[in-house]
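Letter by letter, the chains look like this.
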Amino acid sequence: MSSPLVSTAWLAENLRRPDLVIFDATKYLPNEPKDGAAEYRGAHIPGARFFDIDDVADPDTDLPHMVPTAGLFARKMAGLGVSNSSFVVFYDQKGLASAARGWWLMGAFGHDRAAVLDGGLPKWRAEGRQVEGGSPADPQPGVFRPDFRARRVRGIGDMLGNLAGQAELVVDARAAGRFTAAVPEPRAGMRSGHIPGAVNLPYTELLAPDQTMLPPDQLRARLAAAGVDGSRPVVTSCGSGVTATILTLGMVLAGLPEGAVYDGSWTEWGGRPDTPLET
């Protein structure tokens, strides 16, 4: 399995694979009155576990769901039943909004045997496939040894350093209104706008109406229109480092270099008084 995307048909056929681990990685925005874990307990793909993006994260920062240390990530994965031999599939309850963050985290810690369920839970349910409720028993602990790939992550220092030379193209996955500051941020007290020099490619532009990823040729066209053509290294950004990974996923599916993700994204940049911004 080389693609970072699996279909609902593939997952249905492989539900009983002994090396398969399925995660519901749903994360709702601060302005969405839903709880991903509660919705998961109401209905999830058989055998799926809940992947809490806020828990598999650095506890020593006030920024949301930042990349944890390698040791903490390894302990969390092992506790969730993931080993280096596992094939891990992430999905979410919206179709494709937060599942790619789980896939990207696995890759950032050296685990390429991971994929996103194309179309997520909505497509699974629309096809009449089985779901179950409740919380599963604790899994048998796994053995996970991480191999952190630091080049896939950017911090505030990297982003400030990039302002002058713009060696890396910053692509912002937020909706156009948030990028231009026409609408306020969903997080209270956050400044509006974007990182100087960044371009806007809302992640929704890479999705078909049924929340599946567009075919590779269409992905290449959408990305090229935003200046992403492989000629310049790319850093993806968004509100808090979640939907940025959908752009990263799209780049991989389009056959382009994966680039990096600005982990703090706009929550960090827009939440500081000393960072320049454009509107």
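The sections below set out a description of the structure shown in this document. It should be emphasised that the depicted structure is a prediction, and the values quoted were computed from it without experimental measurement. (Residues numbered from 1 in each chain as written. Predicted model: local features only at pLDDT ≥ 70, side-chain atom pairs only at ≥ 80, totals over all residues. Heavy atoms only, no water.)

Examining the overall build of the protein chain
- Helix and strand counts for the protein chain come out as 10 helices and 10 strands.
- Against the globule reference of 19 Å for 279 residues, the protein chain gives a C-alpha radius of gyration of 18 Å, in line with a compact fold.
- C-alpha atoms of the protein chain, sized along the principal axes, occupy 50 × 40 × 35 Å.
- For the protein chain, the residues scored as buried account for 54% of the 279 residues in total.
- Taking contacts inside the protein chain between residues at least 6 apart in sequence as the whole, the part at least 24 apart equals 79%.
- Surface summary for the protein chain: the accessible area is close to 11,700 Å², and the carbon and sulfur share equals 51%.
- Computing the positive centroid from 27 side-chain charges and the negative centroid from 32, the protein chain places the two 3 Å apart. (Helix = DSSP H or I, 4+ residues; strand = E, 2+ residues; numbered from the N terminus. Rg over C-alpha atoms; globule rule 2.2 N^0.38 Å. Buried < 20%, exposed > 50% of the residue type's maximum accessible area, 1.4 Å probe, protein only. Contact = heavy atoms within 4.5 Å. Areas by Shrake-Rupley, 256 points an atom, 1.4 Å probe, with all protein chains shown as cover. Lys, Arg positive; Asp, Glu negative; His and termini not counted. Charge placed at Lys NZ, Arg CZ, Asp CG, Glu CD.)

Focus: the sheet that holds strand β1 (residues 5–6)
- Across the sheet, which stays open at both edges, the five strands sit in the order β1-β5-β4-β2-β3 with parallel pairing between neighbours. Looking at the sheet topology across the chains shown, the edges are occupied by β1 and β3 (49–50). (Pairing = 2+ DSSP bridges.)

What to know about the nonpolar core
- In terms of nonpolar packing, the biggest core is built from 54 residues, with F51, M77, F90, L96, M106, M213 and L249 touching the most fellow members.
- Of all the secondary-structure elements, those providing two or more residues to this core are β2 (20–24), α3 (70–79), β4 (87–91), α4 (99–108), β5 (114–117), β7 (169–172), α8 (216–225) and α9 (244–253).
- V6, Y40, F50 and F87 belong to the second-largest nonpolar core, a separate cluster that totals 17 residues. (Core = buried A, V, L, I, M, F, W, Y, C linked by side-chain atoms within 4.5 Å.)

As for unusual backbone geometry
- Although it is not a glycine, Q166 sits at a positive phi angle of roughly 50°.
- Within the secondary structure layout, Q166 lies in the loop between α6 (156–165) and β7.
- What makes Q166 partly exposed here is its relative accessible area of 23%.
- If you check the backbone angles, Q211 has positive phi at about 70° while not being a glycine.
- With respect to the secondary-structure elements, Q211 resides in the loop between β8 (199–200) and α8.
- Its relative accessible area of 26% is what places Q211 among the partly exposed residues.

Observations concerning α9
- Extensive coverage of α9 is indicated by the burial of nine of its 10 residues.
- Those residues of α9 that fall on the buried side of the exposure criterion are A244, T245, I246, L247, T248, L249, G250, M251 and L253.
- One or two steps after α9, the chain reaches G255, where phi turns positive at roughly 85°.

These values are about where atoms sit, not about what they do.
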